Amino acid sequence: MQRINSAYQHGELTSYPGGGAQLLKDTVGYNLGIHIDHIALVEFDGFRQILDTLGGIDVPLVCAFTDWHLIDPTKSDQYKDNWALFTIGPGVVHMDGDLALWYARSRMRSSDFDRGRRQQEVLRAIFNRGTHLNVIQNLPELYSQLSHTVITDLSLDNLLELVPMAYNLSLPHIRSYYINKSYVIGWRTPAGAAVLLPNQNAIQQLVSEAMSPPDENETTNWSTTIEIWNGTNTANMDVLAAERLHYSGFETTLSSSDHQENAQTLLYDFTPDQDAHQRAKLLYSLGIPPANLISNPNPENPSAYRLILGTDFNPCFDPAHLIH
């Protein structure tokens, strides 16, 4: 009866068959009904090294994030004078290993739930960076390097088997799910520790949805391309809008706008059938009102929709609201 993150250490200390990795797999399976095939264990220094080997990652931060940060990484973290509040975003933030580790771990001004969301953001950015750098082509060489920083039961043969899948994946194909406050119940252990108990019914429903194959609406979204024009004076606003659409499963392309002083965000629908369900999903995903939608059926247009961003567009959103 401990926090789930203590399972690995407990398995190592008690000589559990298969060690900490197996007890962690069994614990997740017992409590959440999720079968874990493989694990990868990366320590902090190894995480930094991997990110720096990739040349850093570009993380689209749709909302600003503020937390305490060491003024100098060489200073002790035991003295409060060595810390200062640090803010990044909104925008596309290039992160080296040290900054990415801070972003993925910080929770002094947020929560474990938000930290889990940010960790998924970092994983998505690592995947995106790897595919764009053609890292997959150099996998055998990288495997030798990463084997010194990653403990995993995945062999090189296992990884090579996954290469064709990785080549055909893009960010809209990756669904991200989160356990938030509505999936847990506050509780205090007999020893007085504040913990969270799983809401079994809610989590089972979440797991069922996460593990199910994509439905017809999702696959339709994948084949629907939204062309995005940045009609504002804010750099990378189109990238942030694309991030919202990727979480909802839509493909995007970025194009140059005719001017950058649009006050209002507009969504043009060029599809012949003018699908009301898909239009509603797009409007909800972007957080814009139905009045900003312009119907203009045009089967000759290369994209199904065109999004022209205005100064009224708010890139900040909660990805957990876009998983359904």
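In what follows, the structure referred to is the one given above.
Let me sum up the structure you'll find in this document. (Residues numbered from 1 in each chain as written. Predicted model: local features only at pLDDT ≥ 70, side-chain atom pairs only at ≥ 80, totals over all residues. Heavy atoms only, no water.)

Per the stated rule, a full pass over the model turns up 11 salt bridges. Among the ionic pairs, K25 bridges to D153, the shortest N-O distance being 2.9 Å. With K25 in helix α2 (residues 19-32) and D153 in the loop between β6 (150-152) and α7 (156-167), this residue pair connects regions lying 128 residues apart in the sequence. Under the relative-accessibility criterion, K25 is labelled buried at 14%. Assessed through its relative accessible area of 35%, D153 is described here as partly exposed. A salt bridge links D112 to R107; the nearest nitrogen and oxygen atoms lie 2.7 Å apart. Salt bridges sharing partners connect three or more residues here, namely D114, R117, R118 and E121. (Salt bridge = Lys/Arg side-chain N within 4 Å of Asp/Glu carboxyl O. Helix = DSSP H or I, 4+ residues; strand = E, 2+ residues; numbered from the N terminus. Buried < 20%, exposed > 50% of the residue type's maximum accessible area, 1.4 Å probe, protein only.)

What follows is about the state of the cysteines. Inspection of the entire model under this criterion finds 1 disulfide. Disulfide pairing is shown between C63 and C316; the S-S distance is 1.9 Å. Between C63 and C316, the S-S torsion sits near 100°, and that sign places the bridge as right-handed. With C63 in the loop between β2 (57-61) and β3 (65-70) and C316 in the segment after β13 (305-308), this residue pair connects regions lying 253 residues apart in the sequence. The exposure class assigned to C316 is partly exposed, which follows from its relative accessible area of 34%. (Disulfide = S-S within 2.5 Å.)

Attention now goes to the packing of helix α6 (residues 139-146) against α7. Interaxial distance between α6 and α7 falls to 11 Å at its minimum, and their mutual angle equals 140°. By the angle class used here, α6 and α7 are oblique. Where α6 crosses over α7, the handedness of that crossing is right-handed. Where α6 abuts α7, its residues L139, P140 and Y143 lie against L156, L159, L160 and V163. Looking at side-chain class alone, the contact of α6 with α7 contains 7 nonpolar, no polar and no charged residues. (Axes fitted to C-alpha atoms, helices over the stretch in contact; angles between N-to-C directions. Parallel < 35°, antiparallel > 145°, perpendicular 65-115°, else oblique. Left-handed = near helix turned anticlockwise from the far one by under 90°. Contact = heavy atoms within 4.5 Å. Nonpolar A, V, L, I, M, F, W, Y, C, P; charged D, E, K, R; others polar.)

What follows concerns the sheet that holds β13. The strand order β10-β9-β13-β11-β12 describes an open sheet built from 5 strands, whose pairing is mixed. The sheet is open, and its two edges are formed by β10 (251-255) and β12 (293-295), each paired on a single side. If you compare each strand with its neighbour and ignore which way they point, the axes differ by 20° on average. Across 4 bridges, the pairing between strand β9 (residues 225-229) and β13 is parallel. When the sheet's bridge partners are listed, I226 is paired in β13 with Y305. Of the strands in this sheet, β9, β11 (266-269), β12 and β13 are in contact with helix α11 (residues 276-286), which crosses β13 at around 25°. (Pairing = 2+ DSSP bridges.)

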